[in-house]
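As a plain string of letters, each chain reads:
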Amino acid sequence: EAQVTQNPRYLITVTGKKLTVTCSQNMNHEYMSWYRQDPGLGLRQIYYSMNVEVTDKGDVPEGYKVSRKEKRNFPLILESPSPNQTSLYFCASSSSLARRRFFGPGTRLTVL
Amino acid sequence: QKEVEQDPGPLSVPEGAIVSLNCTYSNSAFQYFMWYRQYSRKGPELLMYTYSSGNKEDGRFTAQVDKSSKYISLFIRDSQPSDSATYLCAMSPKDAGGTSYGKLTFGQGTILTVHP
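Residues numbered from 1 in each chain as written. Chains lettered and ligands numbered in written order. Predicted model: local features only at pLDDT ≥ 70, side-chain atom pairs only at ≥ 80, totals over all residues. Heavy atoms only, no water.

A.B. asks: Looking at this structure, how should I read the overall build of chain A?
C.D. replies: Summing up its helical and strand segments, chain A has 0 helices and 11 strands in all. Secondary structure elements in chain A, listed N-terminal to C-terminal, are β-β-β-β-β-β-β-β-β-β-β. Here the C-alpha radius of gyration of chain A, 13 Å, is about what a compact globule of 112 residues would show, namely 13 Å. Dimensions of chain A along its principal axes, counting C-alpha atoms only, are 35 × 25 × 25 Å. Among the 112 residues that make up chain A, the fraction classed as buried is 49%. Here the analysis covers contacts within chain A between residues at least 6 apart in sequence; of these, 53% occur between residues at least 24 apart. Taking the average location of the 15 positive side-chain charges in chain A and that of its 9 negative ones, the two points are 3 Å from each other. (Helix = DSSP H or I, 4+ residues; strand = E, 2+ residues; numbered from the N terminus. Rg over C-alpha atoms; globule rule 2.2 N^0.38 Å. Buried < 20%, exposed > 50% of the residue type's maximum accessible area, 1.4 Å probe, protein only. Contact = heavy atoms within 4.5 Å. Lys, Arg positive; Asp, Glu negative; His and termini not counted. Charge placed at Lys NZ, Arg CZ, Asp CG, Glu CD.)

Here it is as structure tokens:
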């Protein structure tokens, strides 16, 4: 089954404790991206990657890091999480020029 | 001003009603227009996809794009309780180069409830 998976689905952590949210897709897509979704603000892009070892900032990259060492994986790293990063996070993938995004199920992160 | 504006609702309608969801935008470079549906505790999934102006129909769903007014709509006919979800419009420019590569700009989403 074609899908995007994220782990963990739910996470409660404390300020400053480094965490990683994993994302994996099995569709051989070149393009992967991370979004956060907040009430009243919709989906905002954090980082995206056009292919292995090629990443770039989206609209709200502050406080986040990403890496793309393999085509299928695109982890999101929060080196020192803060409460304003409490949000619902989605990973998405698509083939190189397509606008259709396949979204993962989401990760609800709470930073205390 | 946000590039894409969408009334967040919430919108509550009886089963069988015609639902109209709308977005306005300010960036005249947008050429691709999409509607995503997001059920509770799920990721968004593509519902409708149109290029440039015009209408597109798929079953009970019709997407309309009016580029002259910078306005897009999604109509749901004979709405069902299973249509209850958040509907997000999304847009993208045609050019895929540089930092705008395939970038989607989303509206805030409209929460729709269809009650029996």
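A.B. asks: Explain the packing of aromatic side chains here, please?
C.D. replies: The description of an aromatic ring pair rests on the distance of the ring centres and on the angle between the ring planes. Inspection of the entire model under this criterion finds 12 aromatic pairs over all chains. Taking the centre distance of 6.0 Å and the plane angle of 65 degrees together, the rings of Y32(B) and Y49(B) count as edge-to-face. With Y32(B) in strand β4 (residues 30-38) and Y49(B) in strand β5 (residues 45-51), this residue pair connects regions lying 17 residues apart in the sequence. Residue Y32(B) is classed as buried on the basis of its relative accessible area, which comes to 16%. Their ring planes at 55 degrees and their centres at 5.7 Å tell us that Y36(B) and F106(B) sit as a pair that is tilted. Of this pair, Y36(B) sits in strand β4 while F106(B) sits in strand β10 (residues 105-106), and the two are 70 residues apart along the sequence. F106(B) matches Y36(B) in its accessibility class, with the two residues each being buried. Members of the aromatic cluster, joined through ring pairs, are Y35(A), F90(A), F103(A), Y36(B) and F106(B). (Phe/Tyr/Trp six-rings, centres within 6.5 Å; stacked < 30°, edge-to-face > 60°.)

A.B. asks: What exactly am I supposed to notice about the interface of chain B and chain A here?
C.D. replies: One frequently used descriptor of interface size is the decrease in accessible area upon assembly of the parts. With 26 residues of chain B at the interface, the matching set in chain A holds 23 residues. Carbon and sulfur atoms supply 54% of the area that chain B and chain A bury against each other, a total of about 1,900 Å² over both sides. If you look at where chain B meets chain A, you find 0 salt bridges. Connecting chain B to chain A are 3 residue pairs in polar contact (both at pLDDT 80 or more). (Buried area = accessible area lost by both parts, 1.4 Å probe. Salt bridge = Lys/Arg side-chain N within 4 Å of Asp/Glu carboxyl O. Polar contact = N/O pair within 3.5 Å; in protein donor to acceptor, adjacent residues only side chain to side chain.)

A.B. asks: So what exactly am I meant to see when it comes to a nonpolar patch on the surface here?
C.D. replies: All names here are of chain A. A grouping of I12, V14 and L112 is seen on the molecular surface, where their side chains present a nonpolar patch of about 320 Å² in accessible area. With respect to the helices and strands, I12 occurs in strand β2 (residues 10-13). On the accessibility criterion, I12 (64% relative accessible area) is exposed. (Patch = residues over 30% accessible without salt bridge, like charges linked within 9 Å, V, L, I, M, F, W, Y side chains within 5 Å. Areas by Shrake-Rupley, 256 points an atom, 1.4 Å probe, with all protein chains shown as cover.)

A.B. asks: Help me out: how do you make sense of the state of the cysteines in this one?
C.D. replies: Note on terminology: a disulfide is the covalent bond linking the sulfur atoms of two cysteines. Counting across every chain of the model gives 2 disulfides over all chains. The disulfide partner of C23(A) is C91(A), and the gap between their sulfur atoms is 1.8 Å. Every disulfide takes its handedness from the sign of the S-S torsion; for C23(A) and C91(A) that torsion is -70 degrees, giving left-handed. Residue C23(A) is located in strand β3 (residues 19-25), and its partner C91(A) is located in strand β9 (residues 87-94); the two are separated by 68 residues in the primary sequence. Summarising the burial analysis for this pair, C23(A) and C91(A) share the class buried. Covalent S-S linkage joins C23(B) and C89(B), the inter-sulfur distance amounting to 2.0 Å. Taking the torsion about the sulfur-sulfur bond, which here is approximately -100 degrees, the covalent link between C23(B) and C89(B) counts as left-handed. One end of the pair, C23(B), is in strand β3 (residues 19-25); the other, C89(B), is in strand β9 (residues 85-93), with 66 residues separating them in the sequence. C89(B) sits in the buried class, given a relative accessible area of 0%. (Disulfide = S-S within 2.5 Å.)

A.B. asks: What's the story with the pairing of strand β5 (residues 42-51) of chain A in this structure? I'm lost.
C.D. replies: Side chains on a regular strand alternate between the two faces of the sheet. Residue and element names in this part refer to chain A. Buried residues dominate β5, accounting for 7 of its 10 residues. Where strand β4 (residues 31-38) meets β5, 7 bridges bridge the pair, whose relative direction is antiparallel. Each residue of the ladder has a partner; that of Q37, found in β5, is L43. Hairpin connection, β4 to β5: the antiparallel pair is bridged by 3 residues, and G40 has positive phi, about 80 degrees. Relative to strand β6 (residues 54-57), β5 runs antiparallel, the two sharing 4 bridges. Paired with Y48 across the bridge in β6 is D56. Where β5 folds back onto β6 in an antiparallel hairpin, the turn is made up of 2 residues, including E53, whose phi is positive at roughly 65 degrees. (Pairing = 2+ DSSP bridges.)

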